[in-house]
Amino acid sequence: MFTFPQARYTLLEQPTPLAPLARLEKRLGRSGLFIKRDDHMPIALGGNKLRSLEFWLGAALEEGADVLLVAGAPVSNQCRLTAAAAAIAGLDCVIIHNDAETAQSLRSSYLNRIFGAEVRFVGSISEESRAVRIEEIAEELRAVGRRPYIVGSAVIGALGYAMAALELLTQVRESGSPIRHVILPGSMGPTEAGFTFGNALLGHPFDVHLVSVEYGQADLAARIARIFGELQHFVGASEVQLDDARIHYHMDYLGPGYALPTPEGENAILTLARTEGILLEHTYTAKPFAGFMDMATDGSIDPSEGLCFLHTGGVPTLFVQDQLFQTI
Ligand SMILES: Cc1ncc(COP(=O)(O)O)c(C=O)c1O
């Protein structure tokens, strides 16, 4: 069922931890709270994109690539993790940052250089122009005999999170944890669509709660549906259906927008840090965790049904977010 027509390069030998949040349960007066630690991985400070990179690397090596090309902001988790994964696989890595080269942006992206990546700043251009630019740079590399692979295919990256659904269900069964609801950020889509697809392949053991950190509901739902459809086609599983009743969109936590802090997000960061010693950051995980705490306490979910927060990582971003806090 989970044999996909795509080679996988193993970066993660072990499942990430599934842990109870016992001190938070005490604080909130509600049992059945868990965290899946995809922030807790052995490579480059971890994060969701390592699961996707197993399949992106598989595709790159299958094509005979010798250099990975990836684009993102200077603080991009995808760029950092691609640089590390390229180093592990013995490939070169070229990173394109859509930002001006300043002391601040160089500082924000310096981990990429530690992993040996070549970093190019192309100015603050739109995502569309960035996609054009990355193709041009790929062409330039081909012209000098290199074989670039552009990292980022949504459908290939999503396979990593289909596998994560299987990994989580296996842990739930082995540990007897009563997890019914999984809460994760809603953003560009591959992580969420992949998890939803894996959940569907497994017969929908989980209700999936997406807390938007970037888009409006119609846009986010359209992204999920599109990638899910591509996965059906790619995997050859047209019988596996997206069940709208098992996906819940939570739009109340986005606040002023992507990467902009909210008081609820700040409270979530401080609460998890001060009960469990686990870090979140403002862009991807603080707002979903605020949603998780509300779901745990507002009576919307039956007390017998466990809740699991899927921590997708991104913690290194905290080092450039100190100015975003209001209360510390
Ligand atoms: C830490 C973290 N969480 C969540 C996401 C969102 O993942 P996706 O782009 O698959 O929606 C990202 C994306 O970069 C991320 O870095």
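Residues numbered from 1 in each chain as written. Predicted model: local features only at pLDDT ≥ 70, side-chain atom pairs only at ≥ 80, totals over all residues. Heavy atoms only, no water.

1. A short note on the pairing of strand 7 (residues 179–186)
Thinking step 1. Summarising burial for strand 7: seven of the eight residues are buried, a large majority.
Thinking step 2. When strand 7 meets strand 10 (residues 306–311), the two strands line up parallel, connected through four bridges. If you follow H181 over to strand 10, its bridge partner there is L307.
Thinking step 3. Of the pairings in the sheet, the one linking strand 7 to strand 8 (residues 207–212) comprises six bridges and is parallel in character. Among the inter-strand pairings, V182 is bridged to a residue of strand 8, identified as V208. (Buried < 20%, exposed > 50% of the residue type's maximum accessible area, 1.4 Å probe, protein only. Helix = DSSP H or I, 4+ residues; strand = E, 2+ residues; numbered from the N terminus. Pairing = 2+ DSSP bridges.)

2. Considering the UniProt feature "modified residue: N6-(pyridoxal phosphate)lysine" (unreviewed entry) in the protein chain
Thinking step 1. Per the UniProt record, "modified residue: N6-(pyridoxal phosphate)lysine" (unreviewed entry) is found at K49.
Thinking step 2. Relative to the elements of secondary structure, K49 occurs in helix 2 (residues 49–62).
Thinking step 3. Of the residues examined, K49 reaches a relative accessible area of 15% and is grouped as buried. (UniProt positions renumbered as here; feature names shortened; annotations may be inferred.)

3. Concerning the pairing of strand 8
Thinking step 1. Burial runs high along strand 8: six of the six residues are buried.
Thinking step 2. Alternating positions in strand 8 separate into two faces, D207, H209 and V211 on one and V208, L210 and S212 on the other, with burial throughout.
Thinking step 3. Handedness of the crossover is the feature at issue here: the chain leaves strand 7, passes through helix 8 (residues 190–201), returns alongside strand 8, and the resulting connection is right-handed.
Thinking step 4. Following the backbone out of strand 8, through helix 9 (residues 217–235) and into the adjacent parallel strand 9 (residues 247–250), one traces a crossover that is right-handed. (Right-handed = clockwise from strand over helix to strand, strands pointing away.)

4. A closer look at the domain arrangement of the protein chain
Thinking step 1. Domain annotation of the protein chain identifies domain 1 (18–47 + 154–324) and domain 2 (66–146).
Thinking step 2. When each unit is reduced to the centre of its C-alpha atoms, the spacing between domain 1 and domain 2 is 27 Å.
Thinking step 3. Interface area, domain 1 with domain 2, both sides summed: about 750 Å², of which 65% is carbon and sulfur.
Thinking step 4. The largest contributions to the domain 1 side of the interface with domain 2 come from I43, A44 and V320, which together make up 47% of the buried area.
Thinking step 5. Remark: the boundary between domain 1 and domain 2 carries two residue pairs in polar contact (both at pLDDT 80 or more). (Domains from an automatic or database assignment. Buried area = accessible area lost by both parts, 1.4 Å probe. Polar contact = N/O pair within 3.5 Å; in protein donor to acceptor, adjacent residues only side chain to side chain.)

5. Quick word on unusual backbone geometry
Thinking step 1. Here the phi dihedral of L45 falls at roughly 70°; this positive angle occurs in a residue that is not glycine.
Thinking step 2. The residue L45 is located in the loop between strand 2 (33–37) and helix 2 in this model.
Thinking step 3. According to the relative accessible area criterion, L45 is exposed, its value standing at 52%.
Thinking step 4. Of note in this structure, A259 is not a glycine but carries a positive phi near 70°.
Thinking step 5. You can see A259 is positioned in the loop between strand 9 and helix 10 (263–276).
Thinking step 6. Owing to a relative accessible area of 25%, A259 belongs among the partly exposed residues under this scheme.

6. Side note on the site of the ligand
Thinking step 1. Around the ligand, the structure places 14 residues, and the nearest of them are N77, G189, T191, E192 and T312.
Thinking step 2. At a separation of 3.5 Å, an oxygen atom of the ligand approaches a polar backbone atom of P190.
Thinking step 3. Side-chain polar atom of T191 to an oxygen atom of the ligand: 2.6 Å apart, as the coordinates give it.
Thinking step 4. Judged by the proximity of its atoms to the pocket grid, the ligand belongs to the largest pocket. (Near = heavy atom within 4 Å. 1 Å grid on protein atoms, 1.4 Å probe; cavity = no way out; pocket = protein on both sides within 12 Å on 5 of 7 lines; lining within 4 Å. Sits in = over half its atoms within 2 Å of the grid points.)

7. A short note on helix 10
Thinking step 1. If you check helix 10, its first and last C-alpha atoms are 20 Å apart, about what 14 residues at 1.5 Å a residue would give, namely 20 Å.
Thinking step 2. Looking at helix 10, one finds that the buried residues are G265, E266, A268, I269, L270, T271, L272, T275 and E276.
Thinking step 3. Check the buried side of helix 10 and you find it contacts helix 1 (22–28), strand 2 and helix 11 (286–297).
Thinking step 4. In the segment just after helix 10, G277 is the residue with positive phi, at about 70°. (Expected span 1.5 Å × (residues − 1). Contact = heavy atoms within 4.5 Å.)

8. Comments concerning the environment of T16
Thinking step 1. Among the secondary structure elements, T16 is positioned in the segment before strand 1 (18–20).
Thinking step 2. When its relative accessible area of 3% is taken as the criterion, T16 is described as buried.
Thinking step 3. Along the backbone, T16 and Y149 are 133 residues apart, and their C-alpha atoms lie at a distance of 27 Å.
Thinking step 4. Ignoring anything within four residues of it in the chain, the contact list for T16 reads K36, R37, D38, H40, M41, R51, E167 and Q171.
Thinking step 5. Polar contacts involving the side chain of T16 include one to the side chain of D38, which spans 2.6 Å.
Thinking step 6. A polar atom in the side chain of T16 sits 3.3 Å from the side chain of R51.

9. Quick word on the state of the cysteines
Thinking step 1. Tallied over the entire structure, the rule returns zero disulfides.
Thinking step 2. Distance from the sulfur of C93, which forms no disulfide, to the nearest cysteine sulfur (C79) is 7.7 Å. (Disulfide = S-S within 2.5 Å.)

10. Some points on empty space enclosed by the protein
Thinking step 1. Under the counting rule described, the total for this entry stands at two cavities of 30 Å³ or more.
Thinking step 2. Computed from the structure, the largest cavity encloses a volume of approximately 40 Å³.
Thinking step 3. In this structure, the largest cavity is lined by R8, L12, R51, E54, G160, M163 and E167.
Thinking step 4. Mapped onto the lining of the largest cavity, the elements with two or more residues apiece are helix 2 and helix 7 (154–175).
Thinking step 5. Broken down by element, the residue count for the lining of the largest cavity peaks at three residues, all from helix 7.
Thinking step 6. Split by residue class, the lining of the largest cavity holds two nonpolar, one polar and four charged.
Thinking step 7. By volume, the second largest cavity is sized at about 40 Å³. (Points joined across faces, edges and corners; volume = space filled by probe spheres on them. Nonpolar A, V, L, I, M, F, W, Y, C, P; charged D, E, K, R; others polar.)

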